[in-house]
Structures are given as structure tokens and as C-alpha cells.
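Listed below are the residues making up each chain.
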Amino acid sequence: MQHRVPVAIVGAGPAGLLLGHILRAHGVDFVLVEHRSRDHVLSRIRAGVLEQASVDVLDRYGLAERLHTDGLVHGGIHLQVEGRRTHIDFEDLVGRTVTVYGQQRVVEDLMARHDELGSAVFYGASDVTPSGVDGDAPRLEFRHDGEDHVVQADFVIGTDGYHGVCRGLIPTEILDVAERSYDAAWLGILADVAPSTDELIYALHPDGFGMHSMRSPTVSRLYLQVDPTDDIANWSDERIWAALQERLGTAGWTLTEGPITEKSITPMRSSVASTLAYGRLFLAGDAGHIVPPTGAKGLNAAIADVAMLGEALAAANGGSDGLLASYSRRALERQWKIQYFSQWMTDMLHTPGAETPEGERPFRYRSRVGQLAYVTGSRHAQQTLAEQYTGLAIE
Ligand code: FAD
Ligand code: DHB
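Position labels on residues start from 1 in each chain and follow its written sequence. To label them, take the chains in the order written and letter them from A, then take the ligands in the order written and number them from 1. It should be noted that, the model being predicted, local features are given only for residues of pLDDT at least 70 and side-chain atom pairs only at 80 or more, the latter also being counted only at that level, while totals for whole chains, interfaces and linings use all residues. With hydrogens and water set aside, each side-chain value is computed from the structure's full complement of heavy atoms.

*Asks:* Got a minute to help me understand the overall build of the protein chain in this structure?
*Replies:* Think of it this way: any DSSP run of H or I at least four residues long counts as a helix, any run of E at least two long counts as a strand, and we number them from the N terminus. Of regular secondary structure, the protein chain possesses 11 helices and 21 strands. Taken against the 2.2 N^0.38 rule, which gives 21 Å for 395 residues, the C-alpha radius of gyration of the protein chain at 21 Å falls within 12% of a compact globule. Seen through its C-alpha atoms, the protein chain measures out along the principal axes to roughly 65 × 40 × 40 Å. Buried means the residue's accessible area, taken with a 1.4 Å probe over protein chains only, is under 20% of the maximum for its type, while exposed means over 50%, and partly exposed covers the values in between. Burial statistics for the protein chain: of 395 residues in total, 55% are counted as buried. Residues are treated as being in contact if the distance between any of their heavy atoms lies within 4.5 Å. Within the protein chain, contacts between residues at least 6 apart in sequence are counted, and of these 72% link residues at least 24 apart. Accessible surface is estimated by sampling points in the Shrake-Rupley manner with a 1.4 Å probe; for residues, cover comes only from the protein chains shown. Looking at the protein chain as shown, the accessible area adds up to about 16300 Å², and 48% of this sits on carbon and sulfur atoms. The positive charge centre, built from 34 side chains, and the negative charge centre, built from 52, are 2 Å apart in the protein chain. Radius of gyration: over C-alpha atoms. The globule rule applied is 2.2 Å multiplied by the number of residues raised to the 0.38 power. In this charge count, Lys and Arg are treated as positive and Asp and Glu as negative; neither His nor the chain ends contribute. Charged side chains are reduced to one point each, which is NZ for Lys, CZ for Arg, CG for Asp and CD for Glu.

Shown next as C-alpha cells:
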């Protein structure tokens, strides 16, 4: 089957699905191709916090109805160091909030709207092959339900995540990828139990980082720092709860336990491509950059990218390509600020791991305790954290 559309999008994560809606709102036609099944995409448990700027984008395109009903608006977070908990009041500090609403729900909402609109979204495609992005006639070929498809487009957009195919279309002489690994990973659980906290708790403890987030008034999401080489099979439910009790514990507060419904370990990495544009190819979201999760930025950065890219593609479709020409520079400028913040939060809140020489670990740990004591005790430092956590402007 042949398709002729202005924009071919690879990858139906939050970035690709939202980009489709933004293009449609501007009257620009697209085809969106995803190699996983719809159920698989929906089953991935990932991020949970939306910046105010992200909520604004979803609102602007009429995609936030359920988010406003079910999302939990949080005016701050709790930062905890060795059992001492301090509330960081974003509303007071910078007049902004965040919304706790799982990435799965965002994806579900975006998919449902595409269904209603009858968008050309192909799930479970195979042999997804973009080509010709360095010329005037880019193509996207794929196979779906036993049929071969060829999309001829003006632009190919890679919203296909960190392991996607699109970034690899940029020649290695042009593409540099700046990366950093961490000697810590996150063990995350979902539990059927009411959250024991009103707002998220980020805690540094001698045993490692611990965190209490949530998905709804009856579902809690919690995380533990573990060694990147650790295996989830080593973590019984009892061991997980005991570690959470230890790391999150504080006088006069109780962490209520409940049945664990999901548990997994995710490594942490920072990575930024040197360009998000090559010929008629543009990258957005995890395809172009990833952050460690501590600052809750991955999903938000993907939303910011496609907010900028969608407007730029719409303008280009109308004959004005200035915004598209500056997209990569603008998105990367914003991204590097996010990278700095995510690294700062991650380093501050984790105990030094196996890659840190043993003799240096006590010093590095105590300096993090000192840093957290400073941040929790200084209004200036809290404002800096609040401004970045609630999200930089999307320009
Ligand atoms: P993705 O969500 O990765 O979507 C890319 C899509 O492209 C996928 O559906 C994929 O199947 C598809 N695709 C890939 N290759 C192809 C191909 N060849 N053809 C067609 N389709 C393709 N962020 C946080 O802020 N907090 C968290 O707690 C957090 N936890 C995370 C846990 C995990 C395991 C991962 C991987 C990420 C996590 N993140 C978290 C990051 C956040 O979820 C991502 O930043 C966000 O999903 C980015 O959205 P995206 O649409 O750019 O990429
Ligand atoms: C969640 C994940 C994060 O990475 C974070 O910083 C805050 C919350 C979550 O999954 O709820």
C-alpha cells in the first residue's frame, strides 16, 4: 500500500503519539508506525510526574481531560536526608505545581484520541525501514498485517526511543553522542496500597536512595537504589519492603506495605546526540537524549521536544522553514539544562557505588549529606530546585 503524507513518524511512545495530535491540530497529515503491539506499549510502566509546562501542552491540544480528573496535583516534594524530612514547597517558592499522572495513562489517553479521530497509526509493524532522509524524497517502509507499506513523506521523524533505528541514519562523521553511566540503578515497584505520603519523598540514606511516589489514591510506586549488576530475583517482596522501611523511615511516620504487583530494575544513563536534525530527519524524545530518572524529566523532555517540533513542522508545511531549521539547536539548548539538573539530583541523592574507589566513598557520601543539608536549609537553593523540577519554559 502506498501513502503520501507530509510527515512519517517512527515510534508510538508519548513523543510520537503527541506529535501526531499536534500535527493534526495544524491540519498536517501523518502516518505513525510502531513496531510493538498496542498492548505492549500500554503495559510499559515508566515515568509518573508531569511538569506544569507539559500539562499546558496537553491542555492546549485538548488532551488533558482525564488528566485533570484523575491526576494528582502536587505543590511540592519532600527531601529527606538520614531520616530528616523537609518539605520543598514549589507553590510558595516559584508559584508552580506538578501533576502525578502515570506515563501509561498519558499514552492511553493519546491512543484513545487517535482511535476517535481515525488516525493512521500502525501498531505491531515489522521491518520498519526509513530511508532517503539526506535527499528530497524520504521514505518509510514497513510491513503490517501481512501487507507491505511505503510512505512517501517530506519529513521522517524519529520518536523511536533510545534503542530505535532513526538516530542510526545520521552518519557517524556527523553524529557525536555524549554519554555518562552511573554506578547505581533503580529497582521500582508498584503496590496496591494507598500512598503513605501526600507528596513524593526523595531520600538519601547510608544504604542508598529511596523514593516514595504514587499513581493514584490506592496505588503506590516506590524505588530503591541498587547496584546496576543486581538481579531482581535477589529481591523478595519482604526484602524490598524492609529496605524501603529502612531508607524512607522517619520518626512518627509509618510506611504502609501492600501487595507488590510489578517489580523491575532499570539502569541509569545520561546521553545526548550532538544533533536532532539531519537532512529531512528530525529526532525527538528518548531517540535524541535520555536522562537518569531522579529529576523526573524524561517524559517531560519528550513532550517539550514535540511541542517545538510540531509547531516547526506545521510552519514548514505552510512554506516557512525557519523554526524547523532552528529546532535542533533550541531543543538541545533546553535539553542540556535538563541534563545538568538530572545529573545534579542523581548525584546528590545516591550513595557512591562500586565504580567509586572504596577509600573515597565515605567522603563522597558525607559531602552529599552536606549538599542536601544546604539545599533543605536555603531558600535560594530550594528555589533553584523548584524552578527546574516544575519545568523550564518551552520556547
Ligand atoms: P519511548 O517511550 O521509548 O517510545 C519510543 C517508541 O518507539 C516505543 O514505543 C518503541 O517500541 C518504538 N520503537 C522503537 N524502535 C522502533 C522501530 N524500529 N520501529 C517502530 N517503532 C519503534 N522517566 C522518568 O521521568 N521517570 C521514570 O521513572 C522513568 N522510568 C523509565 C523506565 C524505563 C524502563 C525506561 C526505558 C524509561 C523511563 N523513563 C522514566 C523515561 C521516560 O519513560 C522516557 O523519557 C519516555 O518514554 C520518552 O518517550 P519517547 O516517546 O521519546 O520514547
Ligand atoms: C516517578 C519517577 C521518577 O523518576 C521521579 O523522579 C518521580 C516519580 C514515578 O514513577 O512516579
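Let us keep going from here.
*Asks:* So what exactly am I meant to see when it comes to the site of ligand 2 here?
*Replies:* Any residue with at least one heavy atom within 4 Å of a molecule or strand is counted as near it. Around ligand 2 sit 15 residues in total, of which Y202, S213, R215, Y223 and P293 are the nearest. Under the rule applied, a polar contact is a pair of N or O atoms within 3.5 Å (in protein, one hydrogen donor and one hydrogen acceptor; residues adjacent in sequence only if both atoms are side-chain atoms). R215 places a side-chain nitrogen or oxygen 2.7 Å from an oxygen atom of ligand 2. The backbone of A296 places a nitrogen or oxygen atom 3.4 Å from an oxygen atom of ligand 2. Burial of ligand 2 by the protein chains amounts to 97% of its free accessible area of 290 Å².

*Asks:* I'm lost on the pairing of strand 16 (residues 208–216) in this one. Help?
*Replies:* Moving residue by residue along a regular strand, the side chains alternate between the two faces of the sheet. Of all 9 residues in strand 16, 9 are buried, a share of seventy percent or more. If DSSP finds at least two bridges between two strands, the strands pair. Two strands pair when backbone bridges link them, and strand 15 (residues 201–205) and strand 16 are joined in this way by 5 bridges, in the antiparallel orientation. Counted as the bridge partner of I201 is H212 from strand 16. Between strand 15 and strand 16, which pair antiparallel one after the other, the connecting turn spans 2 residues.

*Asks:* Whenever I open this one, the UniProt feature "domain: FAD-binding" (unreviewed entry) in the protein chain confuses me. Can you help?
*Replies:* Per the UniProt record, the feature "domain: FAD-binding" (unreviewed entry) sits at residues 5–339. End C-alpha to end C-alpha, residues 5–339 measures 34 Å, and it is 31% helix and 33% strand. UniProt positions are given in the numbering used here, feature names are shortened, and annotations may be inferred rather than shown by experiment.

*Asks:* So what exactly am I meant to see when it comes to the nonpolar core here?
*Replies:* Buried together is how nonpolar side chains tend to be arranged in soluble globular proteins. The set of buried Ala, Val, Leu, Ile, Met, Phe, Trp, Tyr and Cys residues whose side-chain atoms join them within 4.5 Å is what this entry labels a nonpolar core. The biggest cluster of nonpolar side chains holds 72 residues, and the ones touching the most others in it are L18, L50, I157, L309 and L313. With 11 residues, the top contributor of residues to this core is helix 8 (residues 298–317). In this view, L18 contacts V57, L58, L63, L110, I303 and V306; residues no more than four positions away in its chain are not counted.

*Asks:* When you look at the site of ligand 1 in this model, what are you seeing that I'm missing?
*Replies:* As a structural note, the neighbourhood of ligand 1 is formed by 30 residues, with E34, R44, R46, Q103 and D286 the closest of them. Contacts to ligand 1 include E34, whose side-chain N or O atom sits 2.6 Å from an oxygen atom. Contact distances for ligand 1 include 3.4 Å between an oxygen atom and a backbone N or O atom of L299. Summarising the interface, the protein chains cover 86% of the accessible area of ligand 1, which totals 990 Å² for the free molecule.

*Asks:* Just to check I follow, could you spell out helix 8 for this structure?
*Replies:* Owing to its 3.6 residues per turn, the α-helix aligns residues three or four sequence positions apart on the same side. Its 20 residues give helix 8 an end-to-end C-alpha distance of 28 Å, which sits within 8% of 28 Å, the value for a rise of 1.5 Å per residue. Among the 20 residues in helix 8, 16 count as buried, and that is most of the element. One or two residues past the end of helix 8 sits G319, with phi positive at roughly 100 degrees. Under the convention used throughout, the expected extent of a helix is 1.5 Å for every residue step, that is, one less than its residue count.

*Asks:* Just to check I follow, could you spell out the environment of T250 for this structure?
*Replies:* Looking at where T250 falls in the secondary structure, it is placed in the loop between helix 7 (237–248) and strand 18 (260–273). For T250, a relative accessible area of 19% corresponds to the buried category. Sequence separation between T250 and A381 is 131 residues; the distance between their C-alpha atoms is 23 Å. Contacts of T250, omitting those with residues within four sequence positions, involve Q80, G83 and R85. A distance of 2.6 Å separates the side chain of T250 from the backbone oxygen of G83, its partner in a polar contact.

*Asks:* What's the story with the pattern of salt bridges in this structure? I'm lost.
*Replies:* Oppositely charged side chains can pair when the atoms bearing their charge come close. The salt bridge criterion pairs a side-chain nitrogen of Lys or Arg with a carboxyl oxygen of Asp or Glu, the two atoms within 4 Å. Across all of its chains, the model carries 19 salt bridges by this definition. A salt bridge links R113 to E116, with the shortest nitrogen-to-oxygen separation between them at 2.7 Å. Separated by 3 residues within a single helix, R113 and E116 lie in helix 6 (residues 103–117), roughly one turn from each other. Classification of R113 as partly exposed rests on a relative accessible area of 31%. Owing to a relative accessible area of 61%, E116 belongs among the exposed residues under this scheme. Between R269 and E179 there is a salt bridge, with the nearest N and O atoms lying 3.7 Å from each other. On the criterion of sequence distance, the pair formed by R269 in strand 18 and E179 in strand 14 (residues 177–191) is long-range, its members being 90 residues apart.

*Asks:* Where do I start with the packing of helix 1 (residues 14–25) against helix 6 in this structure?
*Replies:* Packed helices, taken two at a time, are described by their axes: the angle between them and the distance between them. Geometry is summarised by axes, namely lines fitted to C-alpha atoms with helices restricted to the contacting stretch, and by angles between N-to-C directions that run from 0 to 180 degrees. Viewed as axis vectors pointing N to C, helix 1 and helix 6 meet at an angle of 40 degrees, and their least axial separation amounts to 10 Å. What the angle tells us is that helix 1 and helix 6 run oblique. In the crossing of helix 1 with helix 6, the sense of the turn from one axis to the other is left-handed. Every residue of helix 6 that contacts helix 1 at P14, L17, L18, G20, H21 and R24 is listed here: Q103, V107, L110, M111, R113, H114 and L117. Grouping the amino acids of the contact of helix 1 with helix 6 by side-chain chemistry returns 7 nonpolar, 4 polar and 2 charged. Angles are sorted into four bins: roughly parallel if under 35 degrees, roughly antiparallel if over 145, roughly perpendicular if 65 to 115, and oblique for all others. The sense of a crossing depends on the near helix, which, turned anticlockwise from the far helix by less than a right angle, makes the crossing left-handed and, turned clockwise, makes it right-handed. For this scheme, ten residues count as nonpolar: Ala, Val, Leu, Ile, Met, Phe, Trp, Tyr, Cys and Pro. Four count as charged, namely Asp, Glu, Lys and Arg, and the remainder, Gly too, count as polar.

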